[in-house]
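Examination of the molecular architecture
Now for the letters of each chain:
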Amino acid sequence: MLYEAIVVALVVFLTVGGQELLGFTMLGRPIVIGPLVGLLLGDIQTGLLIGASLETIFMGVVNIGGASSAEPGLATALAAAFAINLGGGVEVALPIAIPLGIIGLQVKTLLYVAVVGPFASRFDKMAEEANERGIIRLHFGLWALQWAIYSLIPFFAILFGSKATQNVLEMIPDVIINGLSVAGNLLPAVGMAMLMKILWDNNVSAFYFLGFLIIAYFKIPLIAVAVLGVIIAVTIGQRDFQLKKMEQQIQQKPTLAATNETTEEIENDDFFS
């Protein structure tokens, strides 16, 4: 069991921590972590099944700013490992994954505050001193420390087994789990409202209501709406480019006329002089 614990902890460190380091890539998604854990534990088929199943659950989870609800990377790694070790498949993974994802996000946020937060003033001081090497060392050092601590969660969870993990989860009062779930469901709406407040523009508000109308009443899939949005964006971009080009041509015509007139006056002055 020690080998499985090390493998899962390393996967969480490299994928969940790696996506934070590289700028929110897709490394921490269930569709990546599930097959990777399955490959390393010798059952890639179960890993693919768990990863695909949990990706459908966590597909809408994008933790940006206030829009935070769950941490799918940790939940997928543990769920896939437990399913492979116990041979229970999705039936074992799904009941464990949801609470682990909610709690995992709270732990990650706590580590941000406790590990990275106290060093914010230190970064400011080194920036004032133009200490570039110090900033780089502190940046990567804090990243490694934060995600090493975070990876201890799957390490001990696998080491002590899924039953112990399930018992710990069951010890948490239902009111807390329900509160976390409600808060997790509300936070995406709050985060979206915050983003809309920043990005809202009356000139493009019609497209927002158009998208809402298409989703709410015509029941068109999100992928189709996204493709429609891309088509509209490309069309508007091409139109704006053409208008900008026409505007530049109109501005250049008076300049060329004035330049030609000035040239003719200079030639006449030179001739008569």
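Scroll up to find the structure this text is about.
In this report, we go over the structure that sits alongside the text. From a predicted model like this one, the values you see are computed outputs, not experimental measurements.

Structural notes on the overall build of the chain
Looking only at helices and strands, the chain features eleven helices and zero strands. In the chain, the order of α-helices and β-strands from amino to carboxyl end is α-α-α-α-α-α-α-α-α-α-α. Counting every position in the chain, which comprises 273 residues, the buried fraction comes to 32%. Put simply, 71% of the contacts in the chain that link residues at least 6 apart link residues at least 24 apart. With an accessible surface of roughly 17,200 Å², the chain has 69% of that area assigned to carbon and sulfur atoms.

Concerning helix H10 (residues 205-218)
The terminal C-alpha atoms of H10, which comprises 14 residues, lie 19 Å apart, in line with the 20 Å expected from a rise of 1.5 Å per residue. Those residues of H10 that fall on the buried side of the exposure criterion are Ser205, Gly211 and Ile214. A positive phi of about 55 degrees marks lysine 219, the residue just after H10.

A look at the packing of aromatic side chains
Enumeration over the complete set of coordinates arrives at five aromatic pairs. Geometrically, the ring pair formed by phenylalanine 13 and tryptophan 143 is tilted, given 5.1 Å between the ring centres and 55 degrees between the ring planes. Within this pair, whereas phenylalanine 13 is found in helix H1 (residues 2-22), its partner tryptophan 143 is found in helix H7 (residues 132-160), the two being separated by 130 residues in sequence. Of the two residues examined, phenylalanine 13 and tryptophan 143, each falls in the buried class. With centroids separated by 5.3 Å and ring planes inclined at 75 degrees, the aromatic side chains of tyrosine 208 and phenylalanine 209 adopt a geometry described as edge-to-face. Here a set of aromatic residues connected by ring pairs shows up, and it is made of Tyr112, Trp147 and Tyr150.

Things to note about the layout of surface pockets
Considering only enclosed or pocket space, the largest pocket measures out at about 870 Å³ in volume. Forming the boundary of the largest pocket are 23 residues, of which Phe207, Tyr208, Gly211, Phe212 and Val225 lie nearest the centre. For the lining of the largest pocket, the secondary structure elements donating two or more residues are helix H9 (174-199), H10 and helix H11 (222-272). Split by residue class, the lining of the largest pocket holds 19 nonpolar, three polar and one charged.

A short note on unusual backbone geometry
The phi torsion at alanine 130 lies on the positive side, around 55 degrees, for a residue other than glycine. Mapped onto the secondary structure, alanine 130 falls in the loop between helix H6 (120-128) and H7. Unusually for a residue other than glycine, lysine 219 sits at a positive phi of about 55 degrees. Position of lysine 219 among the secondary structure elements: in the loop between H10 and H11.

Brief notes about the pattern of salt bridges
Scanning the entire structure with this criterion turns up three salt bridges. One salt bridge connects arginine 29 with glutamate 55, and the closest N-O pair in it is separated by 3.2 Å. Placement of the pair is arginine 29 in the loop between H1 and helix H2 (30-41) and glutamate 55 in helix H3 (residues 44-58), with a sequence separation of 26 residues. For the salt bridge of arginine 239 with aspartate 240, the shortest nitrogen-to-oxygen distance reads 3.3 Å.

Considering a nonpolar patch on the surface
Where nonpolar side chains cluster on the molecular surface, the patch consists of Met1, Leu2, Ile6, Leu145, Ile149, Leu152, Phe156, Leu159 and Phe160 and spans about 830 Å² of accessible area. Those elements that provide at least two residues to the nonpolar patch are H1 and H7. With six residues, the single largest contributor to the nonpolar patch is H7. With respect to the element layout, methionine 1 can be found in the segment before H1.

Quick notes on the rules
- Residues numbered from 1 in each chain as written.
- Predicted model: local features only at pLDDT ≥ 70, side-chain atom pairs only at ≥ 80, totals over all residues.
- Heavy atoms only, no water.
- Helix = DSSP H or I, 4+ residues; strand = E, 2+ residues; numbered from the N terminus.
- Buried < 20%, exposed > 50% of the residue type's maximum accessible area, 1.4 Å probe, protein only.
- Contact = heavy atoms within 4.5 Å.
- Areas by Shrake-Rupley, 256 points an atom, 1.4 Å probe, with all protein chains shown as cover.
- Expected span 1.5 Å × (residues − 1).
- Phe/Tyr/Trp six-rings, centres within 6.5 Å; stacked < 30°, edge-to-face > 60°.
- 1 Å grid on protein atoms, 1.4 Å probe; cavity = no way out; pocket = protein on both sides within 12 Å on 5 of 7 lines; lining within 4 Å.
- Points joined across faces, edges and corners; volume = space filled by probe spheres on them.
- Nonpolar A, V, L, I, M, F, W, Y, C, P; charged D, E, K, R; others polar.
- Salt bridge = Lys/Arg side-chain N within 4 Å of Asp/Glu carboxyl O.
- Patch = residues over 30% accessible without salt bridge, like charges linked within 9 Å, V, L, I, M, F, W, Y side chains within 5 Å.

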